[in-house]
Amino acid sequence: MKQQILSWWFGLQVREQRIVSLAGVVIAIALFYWLLWQPLHQAKIQRQQTVTAAQLQLQRLQQAIPSLLAAGSASVRTGGSLAQIISNSARTQSITVSRMQPQNEQLALVLDDLSFERLLPWLYELQYQHGVHLVSLDLAQADKPGIVRVRRIVVE
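The protein has the name Type II secretion system protein M in an unreviewed UniProt entry, where Rheinheimera salexigens is given as its organism. What the UniProt record of the protein gives under Function (unreviewed entry) is the line "Inner membrane component of the type II secretion system required for the energy-dependent secretion of extracellular factors such as proteases and toxins from the periplasm." Its UniProt record gives the protein the following Subcellular location (unreviewed entry) comment, quoted word for word: "Cell inner membrane".

Attention now moves to helix α4 (residues 116-128). An α-helical segment advances 3.6 residues per turn. Residues three or four places apart therefore align on the same side. Over its 13 residues, α4 extends 18 Å from the first C-alpha to the last, a length consistent with the 18 Å expected when each residue adds 1.5 Å. Residues Phe 116, Leu 119, Trp 122, Leu 123, Glu 125, Leu 126 and Gln 127 constitute the buried set of α4.

Counted according to the given criterion, the structure contains 3 salt bridges. The closest approach of N and O atoms between Asp 138 and Arg 151, which form a salt bridge, is 3.8 Å. You can see Asp 138 sitting in strand β4 (residues 134-141) and its partner Arg 151 sitting in strand β5 (residues 147-155), a full 13 residues away along the chain. On the basis of relative accessibility, which here comes to 49%, the residue Arg 151 falls in the partly exposed class.

If you trace the backbone, Leu 123 turns up in helix α4. We classify Leu 123 as buried; its relative accessible area is 12%. For the pair Leu 123 and Gln 3, spaced 120 residues apart in the sequence, the C-alpha separation amounts to 75 Å. Apart from residues no more than four positions distant in its own chain, Leu 123 is found in contact with Leu 134, Leu 137 and Ile 153.

Below, the discussion takes up the UniProt feature "transmembrane region" (unreviewed entry) in the protein. In the numbering used here, UniProt assigns the feature "transmembrane region" (unreviewed entry) to residues 19-37. For residues 19-37, the helix share is 100%, the strand share is 0%, and the end-to-end C-alpha distance is 26 Å.

When you tally the buried positions in strand β2 (residues 106-111), you get 5 out of 6 residues, the bulk of the element. Where strand β1 (residues 97-103) lies against β2, 6 bridges are found, and the strand directions are antiparallel. Within β2, the position partnered with Val 97 by the bridge is Leu 111. Two successive antiparallel strands, β1 and β2, enclose a turn made up of 2 residues, where Asn 104 displays a positive phi of approximately 55°.

Between helix α3 (residues 82-92) and α4, the least distance of the axes is 11 Å, while the angle of their chain directions is 140°. On the basis of the axis angle, α3 is oblique to α4. Between α3 and α4 lies a crossing whose hand is right-handed. Of α4, the residues touching α3 (which contributes Ile 85, Ile 86, Ser 89, Ala 90 and Thr 92) are Trp 122, Glu 125 and Leu 126. A breakdown of the residues in the contact of α3 with α4 according to their chemical character gives 5 nonpolar, 2 polar and 1 charged.

About the cut-offs
- Residues numbered from 1 in each chain as written.
- Predicted model: local features only at pLDDT ≥ 70, side-chain atom pairs only at ≥ 80, totals over all residues.
- Heavy atoms only, no water.
- UniProt positions renumbered as here; feature names shortened; annotations may be inferred.
- Helix = DSSP H or I, 4+ residues; strand = E, 2+ residues; numbered from the N terminus.
- Expected span 1.5 Å × (residues − 1).
- Buried < 20%, exposed > 50% of the residue type's maximum accessible area, 1.4 Å probe, protein only.
- Salt bridge = Lys/Arg side-chain N within 4 Å of Asp/Glu carboxyl O.
- Contact = heavy atoms within 4.5 Å.
- Pairing = 2+ DSSP bridges.
- Axes fitted to C-alpha atoms, helices over the stretch in contact; angles between N-to-C directions.
- Parallel < 35°, antiparallel > 145°, perpendicular 65-115°, else oblique.
- Left-handed = near helix turned anticlockwise from the far one by under 90°.
- Nonpolar A, V, L, I, M, F, W, Y, C, P; charged D, E, K, R; others polar.

Listed below in structure tokens is the structure:
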């Protein structure tokens, strides 16, 4: 194989050898760019965007802490049963409740993925307009920035 390539190479004229060499260099540079540089650069940009989104989300959470801590559990529930309040409120906020499970005086919920910016106002509405007390909240980051996966909410 090596002999065939060498015999082919030496069979070319000097001008043709220069053209083939130049084409080889151009192809090597192109392969380096598209197979190594460009994917690494795109990954770096994506990581920077992820960090920025996480910092923004942290800032929003830190701003929400005082209002959440100030929320008392002394509010009185209005608007029917707990399940009715949750269903009606979620429907008006365009939030999909995928599972609702009663547990004594509490209600465990699982929601479809939604933006964090839609979740907080809904929880605020439940607390202050309907008197629903948030017992626990289990969130996970979804695949897209700003979207959360609500694994479990327990309210009473």
